Amino acid sequence: MYSIVNGIIRISVRDLVEFICASGDIDNRRSSKADKDAMQEGSRIHRKIQRQMGAEYTPEVFLKTEISFDNYGISIEGRADGVIDNNKGITIDEIKAVYANVSTFTDAKYVHKAQAMCYAYMYLINNDLDAINVQITYCEIETDIIKRFHYTFKRAKLIEWFDEMIQKFKRWSDYLYEHTMKRTKSIKNTEFPFEYREGQRDLVVSVYRSIQRKKKLFIQAPTGVGKTISVIFPAIKAQGEGLADKVFYLTAKTITRTVAKETYRHLLDKGLEYKIAIITAKEKICPCERMQCNPIDCPYAKGHFDRVNDAVYDIITNEDVVDRDIVIEYAKKHNVCPFEMGLDVTYWVDGIIGDYNYAFDPNVHLKRYFSDGAKGNNILLVDEAHNLVERARNMYSAKVCKEDFLLIKNLVANIDKKLAKALERCNKLLLEYKRECEEYMVLDSITPFVFALLKVFDLLSKFDEEHKDFEHKELMSEFYFSVRHFLNMYDLLDDNYVIYCRPNDDKFELNLYCINTAYNLSQYTDKAVSTMFFSATLLPINYYKKLLTIHEDDYAIYAKSVFKQEQRLIAIASDVTSRYTHRNRNEFLKICDYIESVVEAKQGNYIVFFPSYRYMQDVLSLFLEKDIDFEIVCQNNNMNETDREEFLNQFNNTSKRSVVGFCVMGGIFSEGIDLKGESLIGVVVVGTGLPQISVEQQILKNFYDEECDMGFEYAYVYPGMNKVLQAAGRVIRTTNDTGVILLLDDRFLTSRYEALFPREWNDYKTVRQVNIKNTLLNFWESC
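Below is a short write-up of the structure. (Residues numbered from 1 in each chain as written. Predicted model: local features only at pLDDT ≥ 70, side-chain atom pairs only at ≥ 80, totals over all residues. Heavy atoms only, no water.)

Turning to the sheet that holds strand 9 (residues 246–251), a few remarks are in order. The strand order across the open sheet formed by eight strands is 11-10-12-9-13-18-8-19, and the pairing between neighbours is parallel. Each having just a single partner strand, strand 11 (321–322) and strand 19 (555–558) make up the two edges of the open sheet. As paired elements, strand 8 (residues 216–220) and strand 19 share four bridges and run parallel to each other. Within strand 19, the residue paired with Gln-220 across the bridge is Tyr-558. Helix-sheet contacts for helix 20 (residues 541–548) involve strand 8, strand 18 (530–535) and strand 19, and the interaxial angle to strand 8 is about 145 degrees. (Pairing = 2+ DSSP bridges. Helix = DSSP H or I, 4+ residues; strand = E, 2+ residues; numbered from the N terminus. Contact = heavy atoms within 4.5 Å. Axes fitted to C-alpha atoms, helices over the stretch in contact; angles between N-to-C directions.)

Following this line, the structure appears as structure tokens:
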């Protein structure tokens, strides 16, 4: 929204007007989704209208004005869509593309009018005019019908109006200036809050230098190096030097957001003047039973924009850490939507903590920071970056289902014949694909279907405008968004995508599968000053660089582990395997024997990670036949938050009986849990973590076989090994911990897997059933 450089607050005309002049209700019944798509169509409409206007029309005119106060200044700038110079005088043209029926408009929306009035003020002052005209041009996207509204402003009136708006903004600009001065001074005085661990200072310096040089940095940061403070501290220091406006800490899981928040709190306790906002997902913060964002169904939506600025000012002037509970408290106090207020708070804070999707998801990202026109002066800190690969594939992939077209067609058949016909056209094209497809079919082109889908999309937008009380509105809205996402992803289609169709259960799907996400992600990371990708399992780093960035010269470092090798035993069994062809009772019994040997060597708590629920149950059934002297607790695939807490509490008991957790690799307990000390003293990993064979994995394999002859590695080995490393990382969480990591699969001893081991695993021991007990006893005796 703004930036501060050398005592000047810079803000765009559009941001200023939308902030100061917004009023009224939140109302998702009034085509908010269509408005978003109108923004995407806006550039095309603008260019078309501008070309039609003739010689007296100058398009895209840059305008700027500056206002000085005692200690700082405000610079307001932007581009007027057009300036008309003819015998009627000077007219500022503001063009808006809309899906609504423009013939029903009786006046311009005030925010649109105010935007044009700002440009008119600038032009009037810069050219010393006595009066100036304003024209708001609305263009209906589907029909290209245009409707214009004209206004004339005398010099004195326009100056009075503009001065009044600046006065409304002044309390905000005063806050910005005063807070920024305090923040900058405090950052200079802030020291690293802990004694540096071995290699940690080098990591901090590497992060700072990467920001200075405006580079991306990939960090393999083993557990215990203090990666959170090691990226946050130098980012804040760079912020204090004016290298960035905001720091985004992006995560995939709630637990890592909590760690980031506590790290910031620690710095605040040391005297740092800093504001942090934690973004909470809408479904987790909405106070209503159903998320119906309109003034009829939600009391917070009615008049939200009339009150939200006061609410935001209240919260930022009284709170340093704005988390979910704080947002809800102030939302109730001011009777505003907590989710929307939470997003508005991010304008005025220094650090933002949130999920990946607020930066990278094309449907959810914060457009104020990451849209096409946004000027990014931010630092992105991407935690657990190994998770971003699959998350990004989901973000940038899309699918539609044949059966959905039939369903919607039947719902609208008696209401909108034109829409029903367009839906039937899409259904028939999908039926043609279905007749040719067996397991799956890769397609070179789907142009006829996309043309038909574009027609459906336009008609859906019109239907939404004309049938606001449609009985199946939620179902229609869900379908609308899936069509919109599919078309948006089709616009991104390039050599990094594969188009395929397939039957899936009782549906037939057409998929746009984004395989290499690097280009799409870079559209967002390149808007930032610098991006840090960090994880304890970012191996092999070149694999992640290939999938997360398009810049070959981005940096990469391997942080030194702070743990001593004698703290843990890494053992690999050479006489057992989890290969599909060897999954039998004999092999399961070997697994049981190894687990028993581990538990018998030292009383304590352990977790065994299996390749699947089925494999886990097969081994569990054999244990149930035995008389064992330890307790087994099992993960299941329907665990809620309470179930998870109860499961983890088993490892904090003081019983003298060992507890062995049976879990699934890649599941909720294989990363993001922090069992320290005696809570966990050993991990057994069964198998190499290979993803299950599926259509998507086969397409991945074929894609990378063609590209670099490494299909099996990219589709199976690397994702699988990441799950292994995450599971192994559950043990040895602090410098005082000791523990065992046992890998049960002879494939780990092959060069393909040894090359993927972390550097600190170079002392692993090869074991067999005959010597595992002695190996374990010798290790524990040496501790």
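As a further point, take the packing of helix 1 (residues 13–21) against helix 4 (residues 155–189). With their axes 10 Å apart at the nearest point, helix 1 and helix 4 run at an angle of 90 degrees to one another. Compared by their axis directions, helix 1 and helix 4 come out roughly perpendicular. Contacts between helix 1 and helix 4 involve Leu-16, Val-17, Phe-19, Ile-20 and Cys-21 on the former and, on the latter, Met-165, Ile-166, Lys-168, Phe-169 and Trp-172. When its residues are assigned to classes, the contact of helix 1 with helix 4 shows nine nonpolar, no polar and one charged. (Parallel < 35°, antiparallel > 145°, perpendicular 65-115°, else oblique. Nonpolar A, V, L, I, M, F, W, Y, C, P; charged D, E, K, R; others polar.)

Across the interface, helix 21 (residues 585–601) lies against helix 27 (residues 772–782) with an axial gap of 9 Å and an inter-helix angle of 25 degrees. If you check the angle between helix 21 and helix 27, you find them roughly parallel. Read as a crossing pair, helix 21 and helix 27 show a hand that is right-handed. Contact with helix 21, carried on its side by Tyr-594, Ser-597, Val-598, Glu-600 and Ala-601, involves Ile-772, Lys-773, Leu-776, Leu-777 and Trp-780 of helix 27 and no other residues of that element. Residues of the contact of helix 21 with helix 27, tallied by class, amount to seven nonpolar, one polar and two charged. (Left-handed = near helix turned anticlockwise from the far one by under 90°.)

Where charged atoms from two side chains of opposite charge approach closely, those side chains can pair. Scanning all chains against the criterion turns up 45 salt bridges. As a salt-bridge pair, Glu-384 and Lys-227 come within 3.8 Å of each other at their nearest N and O atoms. Pair noted here: Glu-384 is in the loop between strand 13 (378–382) and helix 14 (388–396) and Lys-227 is in helix 6 (residues 227–240), with a separation of 157 residues, a long-range link. For the pair formed by Glu-384 and Lys-227, the shared burial category is buried. Here Arg-502 makes a salt bridge to Glu-509, at a shortest N to O gap of 3.5 Å. Taking relative accessible area as the criterion, Arg-502 reaches 15% and is therefore assigned buried. We classify Glu-509 as buried; its relative accessible area is 3%. A cluster of three or more residues bridged by salt bridges with shared partners is formed by Lys-399, Arg-502, Glu-509 and Glu-696. (Salt bridge = Lys/Arg side-chain N within 4 Å of Asp/Glu carboxyl O. Buried < 20%, exposed > 50% of the residue type's maximum accessible area, 1.4 Å probe, protein only.)

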